[in-house]
Amino acid sequence: MVRVRFAPSPTGYLHIGSARTALFNWVYARRYGGAFLLRIEDTDRVRSEDRFLEEIMTDLAWLGIDWDEEPIRQSARFDVYRAAAETIVSAGKGYREGEAYIFKMEGGRTIALDDMIHGTVSFNTDDIKDQVMIKSDGSPAYNFCCVVDDAYLKITHIIRGDDHLSNTPKQILFYEALGLTPPRFGHMPLIMGADGAKLSKRHGGVSVEEYKREGFLPEALVNYLLLLGWSPGGDREIIALDEAVKVFDMKGMTGVQAKFDLQKLRWMNGEYIARKTPAELLPYVKKQMADAGKAVPADELLLKVIGLYKIRIKTVSELLPMTDYFFGDDYAVEEQGVAKHLTAPESKEILRDFAARLEKLGDFTHAAIEASCRAMADERKLKGGAIIHPTRVAISGKTTGAGLFEMMEVLGRETVLARMRKAAQG
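I will try to describe carefully the structure that is included in this document. (Residues numbered from 1 in each chain as written. Predicted model: local features only at pLDDT ≥ 70, side-chain atom pairs only at ≥ 80, totals over all residues. Heavy atoms only, no water.)

### Description of the overall build of the chain
Next up, step 1: A tally of regular secondary structure across the chain gives 18 helices and twelve strands.
Next up, step 2: Taking 22 Å as the expected radius of gyration for a compact globule of 426 residues, we find that the chain reaches 30 Å, considerably beyond that expectation.
Next up, step 3: Here the chain holds 426 residues, and the buried ones make up 50% of them.
Next up, step 4: Taking the contacts inside the chain whose residues are at least 6 apart along the sequence as the reference set, 74% of them involve residues at least 24 apart.
Next up, step 5: Surface accessibility of the chain: about 19,800 Å² in total, with carbon and sulfur atoms responsible for 50%.
Next up, step 6: Each charge class in the chain can be summarised by its mean position, and for the 57 positive and 61 negative side chains these summaries are 3 Å apart. (Helix = DSSP H or I, 4+ residues; strand = E, 2+ residues; numbered from the N terminus. Rg over C-alpha atoms; globule rule 2.2 N^0.38 Å. Buried < 20%, exposed > 50% of the residue type's maximum accessible area, 1.4 Å probe, protein only. Contact = heavy atoms within 4.5 Å. Areas by Shrake-Rupley, 256 points an atom, 1.4 Å probe, with all protein chains shown as cover. Lys, Arg positive; Asp, Glu negative; His and termini not counted. Charge placed at Lys NZ, Arg CZ, Asp CG, Glu CD.)

Pasting the structure below:
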């Protein structure tokens, strides 16, 4: 059975590149009915913190990545690593330097790796120095303890970033020294910025947490990460995680470096937002408002606002500044827009006339409001924009937005009339 693992280090938040590694391991395991395991690399006792581990596991779950079996923590296995190192030294394949255990490198050998992504990759042991297994402070070296752990977990396939490729021959030698069969390895090209440089803050967020705060949906982020190094075929770009599991094949992985394009991710997120119902988006919007310290209004109002604006936003966080006028009179006003549409005397007179007509409407629905507007324009021989533009600015403080008449219906007659009359007096 396929058994893969993800090995996060709880010294910081979940990096976007690490999330991609976890994702591909998870998809591979689920594709073949295998197990996806977690191994916590917390040997750095100074920098490792439980709060980071909790955040990493929360982010994995948020992305839809679940795991099998109980995670193991390297910090609890120091005695296991020391015992394995003593076995190697006792067999004459290593030596002691004080409290440290060192693996003796055999020169003149070629280590050939059949990489699942890159194909055959060869290494010469003459280029590799003796390897530390246990450091003088008693902590294990990375390349050694991960081999001991992967063997213990019965890992069959290791899918990870290209930055680990140079570690692989060292790990293969440790497997041999312990009398173990190495798993299959597959090394994915690293995620780079759009400019080809290593992904960093200047390219956008580098942790999953940052994208959560910005209002990206987990389905969109997962979809985008899947396309960084893999193609489902047929120029397909929108693919759900459960569908990816059905069609995933390592042959679709590319050995070319993947470039992280924030604008492409924003487009994809907008596609997912537009396809969701207001009810599905409601929890994300409420969390955004709460996190921003805003009073969260009734669900009924929020659902209407989301319905009006979900096709206009790329992230959930964009909704709040666009729609602040629905939730009280303390909203941002576009100064230039106000000056353009409300300073002319005829604009103020138009607002007074339109408000008077709206006050007499039987039903304050968008259809009735629009009919009143069109009738007024016909009577006064005005273009619709002469009424629509000053009205929009008067009730929202903005020159653009959702359909004006739908906005007015959601705001309600009392609020609309009060704002129109206030603008007409200003």
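### Some remarks on the packing of aromatic side chains
Next up, step 1: Going through the model one piece at a time under the given rule, you end up with 15 aromatic pairs.
Next up, step 2: When the centroid spacing of 6.0 Å and the interplanar angle of 55° are considered together, the rings of Tyr211 and Phe260 count as tilted. Separated by 49 residues along the polypeptide, Tyr211 in helix H6 (residues 208-214) and Phe260 in strand E12 (residues 258-260) bring together distant segments of the chain.
Next up, step 3: Taken together, the ring pairs in this structure connect Phe24, Tyr28, Tyr32, Trp230 and Phe248 into an aromatic cluster. (Phe/Tyr/Trp six-rings, centres within 6.5 Å; stacked < 30°, edge-to-face > 60°.)

### Quick word on the packing of helix H14 (residues 345-359) against helix H16 (residues 384-396)
Next up, step 1: Contact geometry of H14 with H16 gives a least axis separation of 9 Å together with a crossing angle of 85°. As judged from the angle between their axes, H14 and H16 are roughly perpendicular. On the side of H14, the interface is formed by Ser347, Ile350, Leu351 and Phe354, while H16 contributes Ala386, Ile387, Pro390, Thr391 and Ala394.
Next up, step 2: Residue classes in the contact of H14 with H16 are distributed as seven nonpolar, two polar and no charged. (Axes fitted to C-alpha atoms, helices over the stretch in contact; angles between N-to-C directions. Parallel < 35°, antiparallel > 145°, perpendicular 65-115°, else oblique. Nonpolar A, V, L, I, M, F, W, Y, C, P; charged D, E, K, R; others polar.)

### Let's talk about the environment of Ala29
Next up, step 1: Tracing the backbone shows Ala29 in helix H1 (residues 16-31).
Next up, step 2: Assessed through its relative accessible area of 0%, Ala29 is described here as buried.
Next up, step 3: In this structure, Ala29 is in contact with Val2, Val4, Gly34, Ala35 and Phe36, ignoring residues within four places of it in sequence.

### Considering the state of the cysteines
Next up, step 1: Applying the stated criterion to the full structure yields zero disulfides.
Next up, step 2: Note on Cys145: no disulfide assigned, nearest cysteine sulfur contributed by Cys146 at a separation of 6.0 Å.
Next up, step 3: With relative accessibility at 1%, the residue Cys145 sits in the buried group. (Disulfide = S-S within 2.5 Å.)

### A short note on helix H5 (residues 168-177)
Next up, step 1: In terms of residue burial, H5 counts as a mostly covered element, since nine of its ten residues are buried.
Next up, step 2: Considered for burial, the residues of H5 that qualify are Thr168, Pro169, Lys170, Gln171, Ile172, Leu173, Phe174, Tyr175 and Ala177.
Next up, step 3: Of the residues flanking the end of H5, it is Gly179, one or two places downstream, whose phi is positive at about 70°.

### What to know about unusual backbone geometry
Next up, step 1: Despite not being glycine, Glu69 has its phi angle at roughly 65°, a positive value.
Next up, step 2: Within the element layout of this structure, Glu69 appears in the loop between helix H2 (50-62) and strand E3 (72-73).
Next up, step 3: The class of Glu69 is partly exposed, set by a relative accessible area of 48%.
Next up, step 4: Of note, Asp235 is a non-glycine position whose phi angle comes to about 55°, a positive value.
Next up, step 5: Topologically, Asp235 is positioned in the loop between helix H7 (218-226) and helix H8 (241-247).
Next up, step 6: Under the relative-accessibility criterion, Asp235 is labelled exposed at 76%.

### Quick word on the pairing of strand E9 (residues 157-161)
Next up, step 1: Of all five residues that make up E9, five are buried, and the element is covered over most of its length.
Next up, step 2: Two elements, E9 and strand E10 (residues 184-188), share five bridges in a ladder whose sense is parallel. Along E10, the bridge assignment pairs Ile159 with Gly186.
Next up, step 3: With H5 bridging E9 and the parallel E10, this β-α-β connection has right-handed handedness. (Pairing = 2+ DSSP bridges. Right-handed = clockwise from strand over helix to strand, strands pointing away.)

### Re the environment of Leu113
Next up, step 1: Along the chain, Leu113 falls in strand E6 (residues 110-115).
Next up, step 2: With relative accessibility at 5%, the residue Leu113 sits in the buried group.
Next up, step 3: Sequence spacing of Leu113 and Arg184 is 71 residues, and the spatial spacing of their C-alpha atoms is 8.8 Å.
Next up, step 4: Those residues in contact with Leu113, other than ones at most four positions away along the chain, are Gly119, Thr120, Val121, Phe123, Leu165, Thr168, Ile172, Phe185 and His187.

### A closer look at the sheet that holds E3
Next up, step 1: Strand order in this open sheet of three strands is E1-E2-E3, and the pairing throughout is parallel. A strand with exactly one partner marks an edge of an open sheet, and here the two such strands are strand E1 (3-6) and E3.
Next up, step 2: As paired strands, E1 and strand E2 (residues 35-40) are joined by four bridges and run parallel to one another. The residue bridging Arg3 from the neighbouring strand is Ala35, located in E2.
Next up, step 3: This element, H2, spans E1, E2 and E3 of the sheet and lies at about 160° to E2.

### A look at the pairing of strand E7 (residues 119-124)
Next up, step 1: With six bridges joining them, E6 and E7 adopt antiparallel strand pairing. Counterpart to Leu113 in the pairing with E7 is Val121.

### Details of the sheet that holds strand E4 (residues 94-97)
Next up, step 1: Spatially, the three strands line up as an open sheet ordered E4-E5-E8, and their pairing is antiparallel. Lying at the two open borders of the sheet, with one neighbouring strand each, are E4 and strand E8 (131-134). Between one strand axis and the next, the sheet turns by 35° as a mean value, whatever way the strands run.
Next up, step 2: In this sheet, E8 lies alongside strand E5 (residues 100-103) in antiparallel orientation, the contact comprising three bridges. Looking at E8, one finds that Tyr101 is bridged to Ile134.
Next up, step 3: Taken strand by strand, helix H3 (residues 78-90) contacts E4, E5 and E8, and its axis lies near 130° from that of E8.

Keep in mind these values describe shape, not function.
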